[in-house]
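Fold and geometry: a report
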Amino acid sequence: MSDTHLGGAVATSAPPSSVDEGLEPAALAAKYGLAVSGARPGLFEYVRDLWSRRHFILAFSSAKLTAQYSQAKLGQVWQVATPLLNALVYYLIFGLILGAGKGLSKDVYVPFLVTGIFVFTFTQNSVMAGVRAISGNLGLVRALHFPRATLPISFSLQQLQQLLFSMIVLVVVAISFGSYPSLRWLLVVPALLLQFVFNIGLALIMARMGAKTPDLAQLMPFVMRTWMYASGVMFSIQAMLADKPAWIADVLMYNPAAVYMDLIRYSLIEGYGAENLPSHVWMTALAWALVFGIGGFVYFWKAEERYGRG
């Protein structure tokens, strides 16, 4: 009880209620229906919230893709020209000078190389975009409330859209070197879907890591370059390592980048038969997609309430 004297009048304040005395903050919050601002929702609630924003994810990824080359005179042509020029450079260096096409005829090696460049670039760009998904969009993350997984998923979808443009050139290259459309080409669809799920999971993992350690974006180009050389983008792993212990080739062939590249090569290239694929390749591709897709999503969700803070 306290008294306050104002011009002779006395105002008496009531003593604090003893009903809530001794209650922990969590108990008080539960009693009055309060929740922590920005608290992580449950996993299934998070998935529902993410699904409700699917139209935004599609629109955001399309807008980012359009804006990517908006300042260039050739505009969207660079979506196809960039990976094609990369393939040309690698062909000159590895195909003609270093003879990396060992074990493959020229009609097979050229589409083999172009496919490898396009497909690996899909994963590489998804990873690089994922690293910066949170740290590079802090203004958006701090200003609006939305599932943060929206960002790395949007960037992965952007890379898928870009790959689909590149596939037009890839089809032309394959036909030009004697690989004509057949039913086997339909296998490209499930292979790309599995790779897309894998890429999303990996982008989510890198997004969480990049949010905590922004310097990771400077390290990743070196990691991705090493991964590219170890995945048989420019050469056949089996042919190049024929005189090495078998386990080395097995390890490299079963890494996810090599698995998805070889599946699409097998689907599109006439002279690239099943003997070039590791055993149980479809099960391996599915396993990589599920492990990284589900695991990466849960890993990212667990840190949902920490993104954009600190």
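Data block above holds the structure.
Nothing here was measured: the structure is a model prediction, and the numbers come from that model. Residue numbers run consecutively from 1 along every chain, following the written order of its sequence. Only residues with pLDDT of at least 70 get local features here, since the model is predicted, and only at 80 or more are side-chain atom pairs given and counted; chain-wide, interface and lining totals rely on the full set of residues. Calculation of side-chain values draws on the structure's entire complement of heavy atoms; hydrogens and water are dropped beforehand.

1. Description of a nonpolar patch on the surface
Rules: Two joining distances apply to patches: 9 Å for like charges and 5 Å for nonpolar side chains (Val, Leu, Ile, Met, Phe, Trp, Tyr), and every residue must have over 30% relative accessible area and no salt bridge. Accessible surface is estimated by sampling points in the Shrake-Rupley manner with a 1.4 Å probe; for residues, cover comes only from the protein chains shown. For this document, the term salt bridge refers to a Lys or Arg side-chain nitrogen within 4 Å of an Asp or Glu carboxyl oxygen. Strands here mean DSSP runs of E at least two residues long; helices mean DSSP runs of H or I at least four residues long; both are numbered from the N terminus. Three labels apply to residues, based on accessible area from a 1.4 Å probe with only protein chains included: buried if under 20% of the type maximum, exposed if over 50%, partly exposed otherwise in between.
Among the surface-exposed residues, L85, L88, V89, L92, I93, L96, I97 and L98 lie close enough to one another that they form a single nonpolar patch of about 760 Å² accessible area. Note on placement: L88 falls in helix α4 (residues 77-97). The class for L88 is partly exposed, based on a relative accessible area of 46%.

2. Brief notes about unusual backbone geometry
In this structure, H280 takes a positive phi of about 55° despite not being glycine. Relative to the helices and strands, H280 resides in the loop between α12 (256-268) and α13 (281-301).

3. Examining the side chain of N276
Defined as follows: Residues are treated as being in contact if the distance between any of their heavy atoms lies within 4.5 Å.
Mapped onto the elements, N276 comes out in the loop between α12 and α13. Residue contacts for N276: discarding those within four places in its chain leaves Q238, M253 and D262.

4. Looking at the side chain of S267
Of note, S267 is situated in helix α12. By relative accessible area, which is 1% here, S267 ends up buried. The contacts of S267, once residues within four sequence positions are left out, are R184, W185, L187 and V188.

5. A closer look at helix α7 (residues 150-176)
What counts here: Multiplying 1.5 Å by the residue count of a helix minus one yields the expected span of that helix. The angle between axes fitted to the seven residues ending at a residue and the seven residues starting there is what we call the bend at that residue.
Between its first and last C-alpha atoms α7 spans 39 Å; for 27 residues at 1.5 Å apiece the expected length is 39 Å, and the two agree. S166 marks the point of greatest bend in α7, at about 30°. Judged by how many residues are buried, α7 sits mostly within the fold: 20 of 27 residues are covered. G178 occupies a position one or two residues after α7 and carries a positive phi of about 90°.

6. A closer look at the environment of V114
Topologically, V114 is positioned in helix α5 (residues 106-131). Distance from V114 to V173, taken between C-alpha atoms, is 8.0 Å for residues 59 residues apart in sequence. Leaving out residues up to four positions away in the same chain, V114 has contacts with A87, L170 and V173.

7. Considerations on α12
What counts is decided by this rule: N or O atoms within 3.5 Å of each other form a polar contact, as long as, within protein, one can give a hydrogen and the other can take it, and as long as residues adjacent in sequence are counted only when both atoms are side-chain atoms.
Along its 13 residues, α12 runs 19 Å from first to last C-alpha, staying within 8% of the 18 Å computed at 1.5 Å per residue. Within α12, 13 of the 13 residues are buried, which leaves the element mostly enclosed by the surrounding structure. Put simply, N255 is the residue that caps the front of α12, since its side-chain oxygen is 3.0 Å from the backbone nitrogen of A257.

Everything listed here is a matter of coordinates, which is why it stays silent on function.
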